[in-house]
Amino acid sequence: MRAGGDRDGQPGGAAAMTRHPRKDGIDPVARSRSRRRALQAVYAMQMAGTGVKDVIAQFAHEQAHEVADLAYFEDLVRGVGKHHGELDASLQPFLDRTVEEVDQIERAMLRIAAYELQHRLDVPYRVIIDEAVKAVKRFGSEHGHTYVNGVLDKAAADWRALEVQGTRA
């Protein structure tokens, strides 16, 4: 996985120049970067057994040089660290294999998205799924994004049934 920078490798990249924070103060570009950094952090936790505090400190230092929502990044990493057992159990019915058999990148992203779907009700489910798919396209296996999309579509239909039904009506 590449660390830091945008697709062009520059801190902030072209997207930083065209950012449009919403009226509620949320910057979608910064949130997107936070999710990508959280994916890298959760992946590092899974692979090396790094603790939440250590991985946050490491990535927070790197994020200081990027335009990102540090508080959101920390919430995602802490949330996955704290609830990973519950997240895995809640994802299991939507998987065709055990959580441990899911590719490391896809597993990390599924945990992050599951945390958001269950604990960040302020974020629309479509945003969560879209961001998860984009991140896995960038960092995951060739077809990993289709697997993540399918799992999260089913999970969102169950966990956020009213929201999903409202958008389909």
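Below is a summary of the structure that appears in this document. What you see is a predicted model; the values in this text were computed from it and never measured.

Cut-offs used in this document
- Position labels on residues start from 1 in each chain and follow its written sequence.
- Owing to the predicted nature of the model, reporting of local features is limited to residues with pLDDT of at least 70; listing and counting of side-chain atom pairs is limited to 80 or more, with chain, interface and lining totals taken over all residues.
- Note that water and hydrogens are dropped before the side-chain values are worked out from all heavy atoms of the structure.
- As a rule, the C-alpha atoms of each element are fitted with a line to give its axis, helices using only the stretch in contact, and angles between N-to-C directions run from 0 to 180 degrees.
- The helix count covers DSSP runs of H or I at least four residues long, the strand count covers runs of E at least two residues long, and both are numbered beginning at the N terminus.
- Roughly parallel covers angles under 35 degrees, roughly antiparallel covers those over 145, roughly perpendicular covers 65 to 115, and oblique covers all other angles.
- In this scheme the crossing of two helices becomes right-handed for a clockwise turn of the near helix relative to the far one and left-handed for an anticlockwise turn of less than a right angle.
- Whether two residues are in contact is decided by their heavy atoms, any of which lying within 4.5 Å being enough.
- Amino acid classes used here: Ala, Val, Leu, Ile, Met, Phe, Trp, Tyr, Cys and Pro are nonpolar; Asp, Glu, Lys and Arg are charged; the rest, including Gly, are polar.
- Any carboxyl oxygen of Asp or Glu within 4 Å of a side-chain nitrogen of Lys or Arg constitutes a salt bridge here.
- By definition here, a helix of n residues has an expected span of 1.5 Å times n minus one.
- Partly exposed describes any residue whose relative accessible area lies between the buried limit of under 20% and the exposed limit of over 50%, with all areas from a 1.4 Å probe on protein chains only and scaled to the type maximum.
- Throughout this description, a polar contact denotes any pair of N or O atoms lying within 3.5 Å of each other; where both atoms belong to protein, one of them has to be capable of donating a hydrogen while the other can accept it, and for residues adjacent in sequence the pair is counted only when both atoms sit in side chains.
- Each aromatic pair joins two rings of Phe, Tyr and Trp (for Trp, the six-membered one) with centres within 6.5 Å, and gets the label stacked for planes under 30 degrees apart, edge-to-face for over 60, and tilted for any other angle.
- Placement of a positive charge over a ring is assigned whenever Lys NZ or Arg CZ falls within 6 Å of the ring centre and within 35 degrees of the normal to the ring plane.
- Joining through side-chain atoms within 4.5 Å is the link that ties buried Ala, Val, Leu, Ile, Met, Phe, Trp, Tyr and Cys residues into a set, and such a set is a nonpolar core.

### Observations regarding the packing of helix H6 (residues 125-139) against helix H7 (residues 144-159)
Across the interface, H6 lies against H7 with an axial gap of 8 Å and an inter-helix angle of 165°. Of the possible angle classes, the one that applies to H6 and H7 is roughly antiparallel. Between H6 and H7 lies a crossing whose hand is right-handed. Counted together, Tyr125, Ile129, Ala132, Val133, Val136 and Lys137 of H6 and Gly144, His145, Val148, Asn149, Leu152, Asp153 and Ala156 of H7 form the full contact between these two elements. Looking at the contact of H6 with H7, its residues break down into eight nonpolar, three polar and two charged.

### Comments concerning the pattern of salt bridges
Under the counting rule described, the total for this entry stands at ten salt bridges. With a shortest N-O distance of 3.1 Å, glutamate 74 and arginine 78 are connected by a salt bridge. Residue glutamate 74 and its partner arginine 78 are both found in helix H4 (residues 70-91); the two are separated by four residues, about one turn of the helix. Here aspartate 130 makes a salt bridge to lysine 134, at a shortest N to O gap of 3.2 Å.

### Some remarks on helix H2 (residues 28-48)
End to end, H2 covers 30 Å across 21 residues, agreeing with the expected 30 Å (1.5 Å per residue, within 8%). With respect to burial, H2 is a largely interior element, 16 of its 21 residues being buried. With a side-chain oxygen lying 3.0 Å from the backbone nitrogen of valine 29, the N-terminal cap of H2 falls on aspartate 27.

### Thoughts on the side chain of histidine 83
Along the chain, histidine 83 turns up in helix H4. Judged by relative accessible area, which is 14%, histidine 83 ranks as buried. Each residue touching histidine 83, except ones within four places of it in the same chain, is listed here: Tyr115 and His119.

### Description of the environment of tyrosine 43
Relative to the elements of secondary structure, tyrosine 43 occurs in helix H2. According to the relative accessible area criterion, tyrosine 43 is partly exposed, its value standing at 26%. For the pair formed by tyrosine 43 and methionine 109, sequence separation is 66 residues and the distance between their alpha carbons is 8.5 Å.

### A few points about the packing of aromatic side chains
Within the structure shown, the criterion is met by one aromatic pair. Between phenylalanine 94 and tryptophan 159 the ring centres are 5.7 Å apart and the planes differ by 85°, which places this aromatic pair in the edge-to-face class. On the criterion of sequence distance, the pair formed by phenylalanine 94 in the loop between H4 and helix H5 (104-119) and tryptophan 159 in helix H7 is long-range, its members being 65 residues apart. Positioned above the aromatic ring of tyrosine 72 is the side chain of arginine 31, whose terminal nitrogen or guanidinium carbon lies 3.8 Å from the ring centre. It is arginine 97 that lies over the ring of tyrosine 147; its NZ or CZ is 4.4 Å from the centre.

### A look at the nonpolar core
Judged by nonpolar contacts, the single largest core of 45 residues is most densely connected at Leu39, Val55, Val77, Leu95, Leu110, Ile112 and Leu152. The biggest single contributor to this core is H5, with nine residues. When neighbours within four sequence positions are excluded, leucine 95 is seen to be in contact with Val102, Leu110, Tyr147 and Val151.

### So, the environment of aspartate 103
Looking at the secondary structure, you find aspartate 103 in the loop between H4 and H5. Taking the C-alpha atoms as reference, aspartate 103 lies 8.2 Å from glycine 144; in sequence the two are 41 residues apart. Polar side-chain contacts of aspartate 103 include one of 3.0 Å to the backbone nitrogen of isoleucine 105.

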